[in-house]
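The lines below spell out each chain.
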Amino acid sequence: MAQDSKPGDTAAAKSKIAMCIGCHGIIGYQASFPEVHKVPMISGQSAKYIAAALTAYRKGERKHPTMKGVAAPLSDQDIADISVFYEASGKDMPQRPGKGGSPSPEVQALLTKGNCAACHGEGLNKPIDPSYPKLAGQHADYLYVALKAYQTSDNPQIGRANPIMGAQAKMFTLPELKMLANYIGGLPSDLKTVPQPKFKQ
């Protein structure tokens, strides 16, 4: 965070999230780029992760035309405010239960190979560093698209330039990434989509 930025302010964020709630504040909302998938749940993620993600979109380290357009005009203070808002959003709601059950031996082998818990923590819901995302319970189709993005290079529209995740994702075939995404999407989760009042049915 830049030195001229103050700690994030959830009240200040309420005037800054208009571009967020149109997708992330609608339950079941789907994006169509680079393929059809549900937009990620961001309520309940840590502020440091949301800030890191928005900064990466702003810098072009994460390539996505819509998110680049949203993030590009944001100041460091805007990002700090939006990030603490979404970390607090949904805290009064119970954790979402998972599907239950242990991973299949095949999925367990993939989790072990990727050593996913080393960074994303217990149940993939308690990252060892708050700048890493909670993965548990995230939409499986989004997780699959995100993991594929780490395998993508030399594409001006899609891809994610993170050397650690790039190396991790490239260890797996696309069917293996899909199996991982489907399993992780079924875990108990702190992540939620919290509709804003104007979007509630």
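Residues numbered from 1 in each chain as written. Predicted model: local features only at pLDDT ≥ 70, side-chain atom pairs only at ≥ 80, totals over all residues. Heavy atoms only, no water.

Some thoughts on helix H6 (residues 105-114)
Stage number 1. Every buried residue of H6 is listed here: Val107, Leu110, Leu111 and Gly114. Within H6, the buried residues cover an arc of 100° as seen down the axis, which keeps them to one side. Facing away from the buried side of H6 by over 90 degrees, the exposed positions are Pro105 and Thr112.
Stage number 2. In the core, the buried residues of H6 are packed alongside helix H9 (163-169) and helix H10 (174-185).
Stage number 3. In the segment just after H6, Asn115 is the residue with positive phi, at about 50°. (Buried < 20%, exposed > 50% of the residue type's maximum accessible area, 1.4 Å probe, protein only. Helix = DSSP H or I, 4+ residues; strand = E, 2+ residues; numbered from the N terminus. Arc of directions from axis to C-beta. Contact = heavy atoms within 4.5 Å.)

Topic: helix H3 (residues 47-59)
Stage number 1. Across its 13 residues, H3 extends 18 Å between first and last C-alpha, which sits within 8% of the 18 Å expected from 1.5 Å per residue.
Stage number 2. Those residues of H3 not exposed but buried are Ala47, Tyr49, Ile50, Ala53, Leu54, Ala56 and Tyr57.
Stage number 3. On its buried face, H3 is in contact with strand S3 (62-63), helix H4 (65-71), helix H5 (76-88) and strand S4 (159-160).
Stage number 4. Of the residues trailing H3, Gly60 is marked for its positive phi of about 90°. (Expected span 1.5 Å × (residues − 1).)

So, the nonpolar core
Stage number 1. In terms of nonpolar packing, the biggest core is built from 17 residues, with Ile17, Leu54, Ile82 and Tyr86 touching the most fellow members.
Stage number 2. The element that contributes the greatest number of residues to this core is H3, accounting for five residues.
Stage number 3. In this structure Ile17 touches Ile82, Phe85, Tyr86 and Gln196, once residues within four positions along its chain are discounted.
Stage number 4. Among the nonpolar cores identified, the runner-up in size contains 16 residues, and Val107, Leu111, Ala136 and Leu143 belong to it. (Core = buried A, V, L, I, M, F, W, Y, C linked by side-chain atoms within 4.5 Å.)

Describing the packing of helix H8 (residues 140-151) against H10
Geometrically, a packed helix pair is captured by the angle between its two axes and the distance between the axes.
Stage number 1. Where H8 contacts H10, the axes come no closer than 8 Å and their chain directions differ by 140°. One way to sum up the angle between H8 and H10 is to call them oblique. Relative to H10, H8 is oriented so that their crossing is right-handed. Residue-level contacts link Ala140, Leu143, Tyr144, Leu147, Lys148 and Gln151 of H8 to Leu174, Leu177, Lys178, Ala181, Asn182, Ile184 and Gly185 of H10. (Axes fitted to C-alpha atoms, helices over the stretch in contact; angles between N-to-C directions. Parallel < 35°, antiparallel > 145°, perpendicular 65-115°, else oblique. Left-handed = near helix turned anticlockwise from the far one by under 90°.)

As for the side chain of Ser46
Stage number 1. When you line up the elements, Ser46 lands in the loop between strand S2 (37-38) and H3.
Stage number 2. Polar contacts involving the side chain of Ser46 include one to the main-chain amide nitrogen of Tyr49, which spans 3.1 Å.
Stage number 3. Here Pro130 takes part through its backbone oxygen, which lies 2.3 Å from a polar atom of the side chain of Ser46.
Stage number 4. Not counting residues within four places of it along the chain, the set of residues in contact with Ser46 comprises Glu87, Pro130 and Tyr132. (Polar contact = N/O pair within 3.5 Å; in protein donor to acceptor, adjacent residues only side chain to side chain.)

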